[in-house]
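Residue-level structural notes
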Amino acid sequence: MADRDGNIIAKNYGIGIPVEKENFHVKGMDHVDWGMKNRLSKIFNPNTGRTLMLAFDHGYIMGSTAGLERLDLSIPPLIEDADVLMGTRGALRSTIMPKMNKAIALRCSAGSSVLKEDMSHEIIGVNIEDAIRMNASCMAIQVFVGASGECQTLNNLTKTIDEGNRYGIPVLGVTAVGKEMERTTRYFLLATRIIAELGAHIIKTYYCEDFEKITSACPVPIVIAGGKKVVEAKALEIAYRAIQEGAAGVDMGRNVFQAENPKAMIKALRSIVHNGFNPKEALELYHSIKNEK
Ligand code: R5P
């Protein structure tokens, strides 16, 4: 059965052929229950089928990250333009007003820090009761395919999916990258498909070459992370290409809160995700907002 070359020789991705949906706007989610559909509809706008998430969960492994030194100052001004806030329960409870009416992607894996050489040994850091208490719209679990902690993190994923299915809370499987993992199309094809087949409802991964193969071969929606800060024009280009090539959303962090003008950046990303702007138009929007007095 084991055949490492399977995804090297695979070629029938049906790129450009839309997946048939019965009556629900989120890919692969026709057959989940009402509550889960309702949560997915908070995440993915029913009009566009897409989502703009704002990731600020970096502190769970990186501590006080540039741009997030004061969560209470940096995040609230950005909430209005995000569909989903992706954070830890500690950050959310301490710095975000519960009256805000956005979806929550709750970071539910934990157990590592940037001080560790091998960060792949995570655990489930939030139990289902607290995820419900936090009114999570989805629970995010990091998965380290190919690393020494692979089995442990796949176990975190499947256990959380079982609990999520019991209570109608989707799971966002996050493909980790690190020293032991490649950043190749082949790797992301493997990791995203494994996470989807194990039952995750949404997958977060990175944009890469031949990205259309990844979105085509993944039966559930893919959102992209941004990675390290790049110039604004480049981040907007990546977001645009990802959406054009089948991503259902963007979940950037550092490229928003480390931008010269984070508020302008999230508005520019939103224009790509929901309003059909191309990178040039989005960059013009960025500069026009940045230059406002
Ligand atoms: C990664 O594990 C975290 O989920 C981050 O939220 C994710 O990497 C997105 O942030 P960034 O766009 O800064 O990479």
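What comes next concerns the included structure. Here the structure is a predicted model, which means the values were calculated and not measured. (Residues numbered from 1 in each chain as written. Predicted model: local features only at pLDDT ≥ 70, side-chain atom pairs only at ≥ 80, totals over all residues. Heavy atoms only, no water.)

**Some thoughts on the site of the ligand**
Residues in close proximity to the ligand total 15 residues, the closest being Asp 57, His 58, Arg 107, Gly 253 and Arg 254. Within the contact set of the ligand, an oxygen atom lies 2.7 Å away from a side-chain nitrogen or oxygen of His 58. Between the ligand and the protein, one listed contact pairs an oxygen atom with a side-chain N or O atom of Arg 254 at 2.8 Å. Burial of the ligand by the surrounding chains reaches 95%, relative to a free accessible area of 360 Å². Those elements that provide at least two residues to the shell around the ligand are strand 8 (202–206) and strand 10 (249–252). For the shell around the ligand, a count of residues per class yields five nonpolar, five polar and five charged. (Near = heavy atom within 4 Å. Polar contact = N/O pair within 3.5 Å; in protein donor to acceptor, adjacent residues only side chain to side chain. Areas by Shrake-Rupley, 256 points an atom, 1.4 Å probe, with all protein chains shown as cover. Helix = DSSP H or I, 4+ residues; strand = E, 2+ residues; numbered from the N terminus. Nonpolar A, V, L, I, M, F, W, Y, C, P; charged D, E, K, R; others polar.)

**A word on the sheet that holds strand 9 (residues 222–225)**
Taken in spatial order, the eight strands of this closed barrel run 1-2-3-6-7-8-9-10, and their pairing is parallel. Within this sheet the neighbouring strands show an average axis-to-axis angle of 25°, counted without direction. Sheet topology note: the strand 1 (residues 51–55)/strand 10 ladder contains four bridges and is parallel. The partner of Thr 51 across the bridge, within strand 10, is Gly 249. (Pairing = 2+ DSSP bridges. Axes fitted to C-alpha atoms, helices over the stretch in contact; angles between N-to-C directions.)

**Considering the pairing of strand 8**
For strand 8, the tally of buried residues reaches five of five residues, placing the bulk of the element in the interior. Neither face of strand 8 is open: one carries Ile 202, Lys 204 and Tyr 206, the other Ile 203 and Thr 205, and all of them are buried. When strand 7 (residues 171–175) meets strand 8, the two strands line up parallel, connected through three bridges. Of the residues in strand 8, the one forming a bridge with Val 174 is Lys 204. As judged from the four bridges shared by strand 8 and strand 9, these two strands associate in the parallel manner. Counted as the bridge partner of Lys 204 is Val 223 from strand 9. Note on the crossover from strand 8 through helix 10 (residues 211–217) to strand 9: the handedness is right-handed. (Buried < 20%, exposed > 50% of the residue type's maximum accessible area, 1.4 Å probe, protein only. Right-handed = clockwise from strand over helix to strand, strands pointing away.)

**Quick word on the nonpolar core**
One broad trend across soluble globular proteins is that nonpolar side chains are buried collectively. Judged by nonpolar contacts, the single largest core of 92 residues is most densely connected at Leu 54, Phe 56, Leu 85, Leu 106, Leu 172, Val 250 and Met 252. When residues in this core are grouped by element, the largest group, seven residues, is from helix 13 (residues 262–275). Not counting chain neighbours up to four residues away, the residues in contact with Leu 106 comprise Gly 87, Thr 88, Arg 89, Leu 92, Val 126, Ala 131, Met 134, Ala 136, Cys 138, Met 139 and Ala 140. (Core = buried A, V, L, I, M, F, W, Y, C linked by side-chain atoms within 4.5 Å. Contact = heavy atoms within 4.5 Å.)

**As for unusual backbone geometry**
Positioned with a positive phi, Asn 135 is a non-glycine residue whose angle comes to about 55°. Residue placement: Asn 135 occurs in the loop between helix 7 (128–133) and strand 6 (138–143). Positive phi, close to 55°, is recorded for Asp 210, a residue that is not glycine. Locating Asp 210 in the fold gives a position in the loop between strand 8 and helix 10.

**Quick word on the packing of helix 11 (residues 232–244) against helix 14 (residues 279–290)**
Packing of helix 11 against helix 14 brings their axes to within 9 Å, and their N-to-C directions diverge by 135°. Taken together, the axis directions place helix 11 and helix 14 in an arrangement best described as oblique. Note on packing geometry: the crossing formed by helix 11 with helix 14 is right-handed. Contacts between helix 11 and helix 14 involve Glu 232, Ala 233, Leu 236, Glu 237 and Tyr 240 from the first element and Pro 279, Ala 282, Leu 283 and Tyr 286 from the second. Its residues placed into classes, the contact of helix 11 with helix 14 shows seven nonpolar, no polar and two charged. (Parallel < 35°, antiparallel > 145°, perpendicular 65-115°, else oblique. Left-handed = near helix turned anticlockwise from the far one by under 90°.)

**Some words on helix 2 (residues 34–43)**
Listed as buried for helix 2 are Met 36, Lys 37, Leu 40 and Ile 43. The buried residues of helix 2 all sit within an arc of 110° when viewed along its axis, so they share a single face. Where helix 2 is buried, its residues touch strand 1, strand 2 (84–87), strand 3 (103–107), strand 6, helix 8 (150–167) and strand 8. (Arc of directions from axis to C-beta.)

**Some words on the environment of Trp 34**
With respect to the helices and strands, the residue Trp 34 is situated in helix 2. Owing to a relative accessible area of 65%, Trp 34 belongs among the exposed residues under this scheme.

**Side note on the packing of aromatic side chains**
Scanning the entire structure with this criterion turns up three aromatic pairs. Connected via pairs of aromatic rings, a cluster forms that spans Tyr 187, Phe 188 and Tyr 206. Lying across the ring of Phe 24, Lys 37 places its NZ or CZ 5.4 Å from the centre. In this structure, Arg 183 packs its charged tip against the face of Tyr 206, placed 4.7 Å from the ring centre. (Phe/Tyr/Trp six-rings, centres within 6.5 Å; stacked < 30°, edge-to-face > 60°. Lys NZ or Arg CZ within 6 Å of the ring centre and 35° of its normal.)

**Observations regarding helix 9 (residues 185–197)**
Taking 1.5 Å of rise per residue, 13 residues should cover 18 Å, and helix 9 covers 18 Å from first to last C-alpha, within 8% of that figure. Within helix 9, the full set of buried residues consists of Thr 185, Tyr 187, Phe 188, Leu 189, Ala 191, Thr 192, Ile 195 and Ala 196. Looking one or two places after helix 9, you find Gly 199, whose phi comes out positive at around 115°. (Expected span 1.5 Å × (residues − 1).)

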